[in-house]
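# Notes for the structure review
Residues per chain are reported as follows:
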Amino acid sequence: MKWFTEDNLDLVTLYFGEPDSTGHKYGPESQERKDMVSQVDRAVGYLRRRIKENGLESTLNLIITSDHGMETVIKENEIYLKQVQNFSFQDIKFELLDYGPNGLLVPKEGRLEQVYQTLKNAHPKLHVYKKEEFPKRLHYANNARITPLLMYGDPGYLWVLIATPLPFQRLKVQFNKGEHGFDNNAMNMKTIFRAVGPAFRKGLEVEPFESVNVYVLLCNLLGITPEPHDGSLEVMQPMLADSSNAGTGDQLLLHATQCSGCRGLYMGCPPLLGESNSSEIMRLCQNNRFGVSICHLISEPSWCMGGHVLKLPLQCKG
Ligand SMILES: [Zn+2]
């Protein structure tokens, strides 16, 4: 608490390695994991009590979140790579297969198509893609570091590598009873988000949102201009207690710089932005006041979500 009461720090982050470790070791449904959740909960309770005792409740915002959930590893019908007909590690130049449910493969020169065809329908729970065909919604493959072949298992499914003939001896590498890294659409991959403090409305339950929005929320709370990012402050706006500073010209400019790859910009905060301000926004857009040198408006702005959000359809100029 001294960090706040004496050192006057603006942002402090704490990381808890649990209940992740226990979840991996014993599985998310195990008693060990439940006990660990209770222990972490007690730590959070202690933190909140100390915040209160130090008179920080009215000035300090506390956010508790995580980066993933946990799925029970299914031990039946496992994906045995060595049993896949015609698959051989001798066709592979580089592989990363021992780190959760995702696999990266670089086939040897000229063998990509062969390896792909061999693995493609090898197991109903195994998904194999060429890099360029990897599902866009996963925001994963568009990077030079990603290998030409990618694969992932359905929730709960890991692959098992066991001994193949020498010299390409492969051992079983997956022992965890709990795992994460599966498709983020799966409910068990969802994580938690709790926030309490003067910036947040009390007792509010919001719709699920993507964790990528947390960064811009933190920037907003700290009063700093975010670097380019893929989140949206508008998604987080409904949970904020006081949006009275939103909707001003400055705020609009700030929002607009967050147009994040120009897939369209959503702006929130009515009733401060009334219909009259919609034309003002239009005017700012046309005058390039949004700093949208890389974006332009492709159609009329429109109110959506019951008039709570203004949608600005933007498109990249470049
Ligand atoms: Zn983990």
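Before any of the text, the structure's been laid out above.
In this report, we go over the structure that sits alongside the text. Throughout this document, residue positions are counted from 1 along each chain, in the order its sequence is written. Local features in a predicted model are, by the rule used here, given only for residues with pLDDT of at least 70; side-chain atom pairs are given and counted only at 80 or more, and totals for whole chains, interfaces and linings are based on all residues.

Only when DSSP finds a minimum of two bridges between them are two strands counted as paired. We count a stretch as a helix when DSSP gives it H or I for four or more residues in a row; a strand needs E for two or more, and each element gets its number in order from the N terminus. With antiparallel pairing, the 4 strands of this open sheet are ordered in space as β4-β5-β7-β6. Across the chains shown, the open sheet's two edge strands, defined by having one partner strand only, are β4 (92-96) and β6 (126-130). Shown here is a sheet whose adjacent strand axes are inclined to one another by a mean of 20°, direction ignored. Pairing of strand β5 (residues 102-107) with strand β7 (residues 149-153) involves 4 bridges; the strand directions are antiparallel. Considered in β7, the bridge of glycine 103 is made with methionine 151. The convention used is that axes are lines fitted to C-alpha atoms, helices contributing only their stretch in contact, and that angles between N-to-C directions extend from 0 to 180 degrees.

Moving on, we come to the pairing of β4. Counting buried positions along β4 yields 0 of 5 residues, so the element is predominantly exposed. The pairing of β4 with β5 spans 4 bridges and is antiparallel. Within β5, the position partnered with isoleucine 92 by the bridge is proline 107. Taken together, β4 and the strand that follows it, β5, pair antiparallel across an intervening segment of 5 residues, in which glycine 100 is found at a positive phi of about 75°. Whether a residue is buried, exposed or partly exposed is read from the other C-beta atoms within 10 Å of its own C-beta, which are placed from the backbone; 20 or more gives buried, 12 or fewer gives exposed, and intermediate counts give partly exposed.

Turning to the environment of glutamate 18, a few remarks are in order. Position of glutamate 18 relative to the elements: it lies in the loop between α1 (2-5) and α2 (20-26). Taking the number of C-beta atoms within 10 Å as the measure of exposure, glutamate 18 has 13 and is therefore partly exposed. For the pair glutamate 18 and glutamine 39, spaced 21 residues apart in the sequence, the C-alpha separation amounts to 9.0 Å. Any two residues are considered in contact once their C-beta atoms, placed from the backbone, lie within 7 Å. Beyond its immediate stretch of four places on either side in the chain, glutamate 18 contacts Met36 and Val40.

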